[in-house]
Amino acid sequence: MSIQKIAKRVTAPDIAGRKGGEPIVSLTAYHAHTARILDPHVDFLLVGDSLGMVMHGLESTVPVPLDMMIMHGAAVVRGSARSLVVVDMPFGSYEESPNLAFRNAARVMKETGCGAVKLEGGKRMGETINYMTERGIPVMAHIGLTPQSVHVMGGFKTQGRKRDEWTAIEEDAKAIAEAGAFSVVLEGMAELLAARITKSCPIPTIGIGASAECDGQILVLEDMLGLSPRVPKFVKEFAKIGDAIESAVQSYAKDVRARKFPAPEHTYAMKGKAGAVTKKTKMTGS
Ligand code: KIV
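Heads up: these notes are all about the structure in this document.

The rules behind these values
- Residues numbered from 1 in each chain as written.
- Predicted model: local features only at pLDDT ≥ 70, side-chain atom pairs only at ≥ 80, totals over all residues.
- Heavy atoms only, no water.
- Buried < 20%, exposed > 50% of the residue type's maximum accessible area, 1.4 Å probe, protein only.
- Helix = DSSP H or I, 4+ residues; strand = E, 2+ residues; numbered from the N terminus.
- Pairing = 2+ DSSP bridges.
- Right-handed = clockwise from strand over helix to strand, strands pointing away.
- 1 Å grid on protein atoms, 1.4 Å probe; cavity = no way out; pocket = protein on both sides within 12 Å on 5 of 7 lines; lining within 4 Å.
- Points joined across faces, edges and corners; volume = space filled by probe spheres on them.
- Nonpolar A, V, L, I, M, F, W, Y, C, P; charged D, E, K, R; others polar.
- Core = buried A, V, L, I, M, F, W, Y, C linked by side-chain atoms within 4.5 Å.
- Contact = heavy atoms within 4.5 Å.
- Axes fitted to C-alpha atoms, helices over the stretch in contact; angles between N-to-C directions.
- Left-handed = near helix turned anticlockwise from the far one by under 90°.
- Parallel < 35°, antiparallel > 145°, perpendicular 65-115°, else oblique.
- Near = heavy atom within 4 Å.
- Polar contact = N/O pair within 3.5 Å; in protein donor to acceptor, adjacent residues only side chain to side chain.
- Areas by Shrake-Rupley, 256 points an atom, 1.4 Å probe, with all protein chains shown as cover.
- Sits in = over half its atoms within 2 Å of the grid points.

Things to note about the pairing of strand E1 (residues 24–28)
The buried count for E1 comes to four of five residues, which makes it a mostly enclosed element. Taken together, the three bridges between E1 and strand E2 (residues 44–47) define a ladder with parallel strand orientation. Looking at E2, one finds that Thr28 is bridged to Leu46. With respect to chirality, the unit in which E1 leads through helix H2 (residues 32–38) into the neighbouring parallel E2 is right-handed.

If you want it as structure tokens, here you go:
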């Protein structure tokens, strides 16, 4: 009889139950190695469509295809064992109708093994969120600065810095909570508005550039590691990995050019006596 190891993963309802409690910790992850490192330390891993910009050098998240999300989503699920994995629905894969959204989200869940999906939009996505959750798909919403709408917004613009913008955004938060979303990302939002939404909204708010008033926080991993060439004001660089990579690569290039790498400890010898490499065999290879 085989014994299956069942690792208990954080679920969407677990995250929903954290409203007002200890802050929820989250980061983006796009591949298995980083997922494995982050997994013990976060509550959920987001396979964000920001991967189009961060991993693939795109100008925005708009061109990201569904297959790209599925490929990275599956890698993150394979690399992790306990965090909830949330996969972003990319632009064009859900806005048209609840039906299309369900079909594509079901594909994401079946082919990646993730525990939830995220989509952008407030009030206008209410019907779709309700349709999806009623049919078994946990949905995280995303309001405020929604990068997939960059062309409509005219850039990546902080939301709610003027009082007259507040009502629409507060109505978005109310609508998606009523529709059944289990949590909501508040991106690029004035602190006072994020605080009001967090107070009034029954589901956890996850902030990115939306102040410490939210129920949890998320950052793009490469930004907080110091790997991104430019970062927005709201990012704290917790490390300088870009500099560390550059200095490691410089040392590698230097050692290769000086024939110092690979050294004997990185080299396979023949087994037995024939394994001794003399100056002659080194020169002639025979
Ligand atoms: O795509 C992403 O990384 C995101 C986060 C910024 C929340 O949606």
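There's plenty left to go through after this.
Things to note about the layout of surface pockets
Of the volumes computed, that of the largest pocket is approximately 1,200 Å³. Broken down by secondary-structure element, the contributors of at least two residues to the lining of the largest pocket are helix H3 (51–54), strand E4 (116–120), strand E6 (183–187), strand E8 (216–219) and helix H10 (221–224). Lining the second largest pocket are 18 residues, and of these Gln217, Ile218, Leu219, Phe234 and Phe238 sit closest to its centre. Elements with a contribution of two residues or more to the lining of the second largest pocket: E1 and E8. Ranked by the residues each element gives to the lining of the second largest pocket, the list is headed by E1, at four residues. Looking at the lining of the second largest pocket residue by residue, the classes come out as 13 nonpolar, four polar and one charged.

Side note on the environment of Gly92
Tracing the backbone through its elements, the reader meets Gly92 in the loop between strand E3 (84–88) and helix H5 (98–112). What makes Gly92 partly exposed here is its relative accessible area of 46%. Between the C-alpha atoms of Gly92 and Val64, which are 28 residues apart in sequence, the distance is 9.2 Å.

Considerations on the nonpolar core
As a rule of thumb, soluble globular proteins bury nonpolar side chains together. Formed by 57 residues in total, the largest nonpolar core has its most connected members in Val117, Ile129 and Leu186. Ignoring sequence-local partners within four residues, the contact set of Leu186 consists of Ile143, Ala194, Ile197, Thr198, Thr205, Ile206, Gly207, Ile208, Ala210 and Cys214.

What about the packing of helix H4 (residues 66–79) against H5?
Remark: H4 packs on H5, axes separated minimally by 8 Å, with the N-to-C direction vectors making an angle of 35 degrees. In this structure, H4 meets H5 at a crossing whose hand is right-handed. On H5, the residues that touch Leu66, Asp67, Ile70, Gly73, Ala74 and Val77 of H4 are Asn104, Arg107, Val108, Glu111 and Thr112. Across the contact of H4 with H5, the residue classes tally to five nonpolar, three polar and three charged.

So, the packing of H5 against helix H6 (residues 126–134)
Put simply, H5 and H6 touch, their axes get as near as 9 Å, and they point 45 degrees apart. With respect to their mutual orientation, H5 and H6 come out oblique. Our pair here, H5 against H6, has a crossing hand that is right-handed. Residues Pro98, Asn99, Ala101, Phe102 and Ala105 of H5 pack against Glu127, Thr128, Tyr131 and Met132 of H6. Broken down by class, the residue content of the contact of H5 with H6 amounts to six nonpolar, two polar and one charged.

Observations concerning the sheet that holds E8
Strand order in the closed barrel made by the eight strands is E1-E2-E3-E4-E5-E6-E7-E8, with parallel pairing throughout. Direction aside, the axes of adjacent strands within the sheet are offset by 25 degrees on average.

Here we look at the site of the ligand
Taken together, Thr28, Leu46, Gly48, Asp49, Ser50, Asp88, Lys118, His142, Val185, Glu187, Ile208 and Val220 make up all the residues around the ligand. In this structure, Asp88 approaches the ligand through a side-chain N or O atom, which is 3.1 Å from an oxygen atom. Taking Lys118, its side chain carries an N or O atom lying 2.8 Å from an oxygen atom of the ligand. Considering the ligand on its own, with 260 Å² of exposed area, one finds that the protein chains cover 95% of that surface. The cavity where the ligand resides is the largest pocket. For the shell around the ligand, a count of residues per class yields four nonpolar, four polar and four charged.

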